[in-house]
Amino acid sequence: VKSLNLLIEKKFISKISKNNKINIFVRCRYRQPLVPGILNLEDKSVIFSEKIKNVALGQSAVFYLNGDQIDDSLKNKTILLGGGIIKNKFF
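The structure contained in this document is the topic of the report that follows.

Conventions we followed
- Throughout this description, residue numbers start from 1 for each chain and increase along the sequence as written.
- In keeping with the predicted nature of the model, local features appear solely for residues at pLDDT of at least 70, side-chain atom pairs appear and are counted solely at 80 or more, and the whole-chain, interface and lining totals rest on all residues.
- To obtain the side-chain values, all non-hydrogen atoms of the structure were used and water was disregarded.
- Only buried Ala, Val, Leu, Ile, Met, Phe, Trp, Tyr and Cys residues count toward a nonpolar core, and they belong to the same one when joined by side-chain atoms within 4.5 Å.
- Each residue is assigned to one of three classes by its accessible area relative to the maximum for its type, calculated with a 1.4 Å probe on protein chains only: buried under 20%, partly exposed between the two thresholds, exposed over 50%.
- Only runs of H or I of at least four residues qualify as helices and only runs of E of at least two qualify as strands under DSSP, and these elements are numbered from the N terminus.
- In what follows, residue pairs with any heavy atoms lying within 4.5 Å of each other are defined as contacts.
- The way it works is a 1 Å grid over only the protein atoms, where trapped points that fit a 1.4 Å probe form a cavity and open points with protein on both sides within 12 Å along at least five of seven lines form a pocket, and then any residue with an atom within 4 Å of a point lines it.
- Grid points are joined across faces, edges and corners, and a volume is the space filled by probe spheres set on the points.
- Here the term charged refers only to Asp, Glu, Lys and Arg, the term nonpolar to Ala, Val, Leu, Ile, Met, Phe, Trp, Tyr, Cys and Pro, and the term polar to all other amino acids, Gly among them.
- Whether two strands pair depends on DSSP finding at least two bridges between them.
- Simply put, an axis is a line fit to the C-alpha atoms, just over the touching stretch for a helix, and the angle between two N-to-C directions goes from 0 to 180 degrees.

**Remarks on the nonpolar core**
- Within the largest apolar cluster, 19 residues are counted, with the highest numbers of intra-cluster contacts made by Ile-8, Ile-22, Ile-24, Ala-61, Phe-63, Leu-65 and Leu-81.
- Mapped onto this core, the elements with two or more residues apiece are helix 1 (10-16), strand 2 (21-27), strand 3 (35-40) and strand 5 (60-66).
- Not counting chain neighbours up to four residues away, the residues in contact with Leu-81 comprise Asn-5, Leu-6, Leu-7, Ile-8, Ile-22, Ile-24, Leu-39, Phe-63, Tyr-64 and Leu-65.

As C-alpha cells, then:
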C-alpha cells in the first residue's frame, strides 16, 4: 500500500508488532467481511490469509485489530488501526 496511515501511538505499535509485522484484519471493499492478514511495516505490504476477489489498484485497504492486542480491557472489540491505498497486487 501507499500513503499508509496508522491511527495508533508508536508505543502500541511496538507492543503489537513482531519483526515489524502485525496480525490484522483487512477490508478492501465496502461491506466486505474482515479478512485476516499480516501487515509488514517495513515494505508496507499486506499478506492475506485467503484469496480476496475484486481488489483494485487505487482502492483503500482498511486495517483493524483485535482490541486485546492492545489491552485486555478492549477484549472482544475491533479497533481501527488505519489504512492505505492499494498500489500493487500479487497473486
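**Some details on the layout of surface pockets**
- There is about 550 Å³ of room inside the largest pocket.
- Along its surface, the largest pocket is lined by 21 residues, and Val-46, Phe-48, Asn-88, Lys-89 and Phe-90 are the ones closest to its centre.
- When grouped by side-chain class, the residues that make up the lining of the largest pocket number eleven nonpolar, three polar and seven charged.

**Observations concerning the sheet that holds strand 1 (residues 2-6)**
- Taken in spatial order, the six strands of this open sheet run 1-6-5-2-3-4, and their pairing is antiparallel. Where the open sheet ends on each side, the last strands, each with one partner, are strand 1 and strand 4 (45-48). Each neighbouring strand pair of the sheet contributes to a mean axis angle of 35°, computed without reference to strand direction.
- Judged from the six bridges that link them, strand 2 and strand 3 form a sheet pairing that is antiparallel. The partner of Asn-23 across the bridge, within strand 3, is Ile-38.

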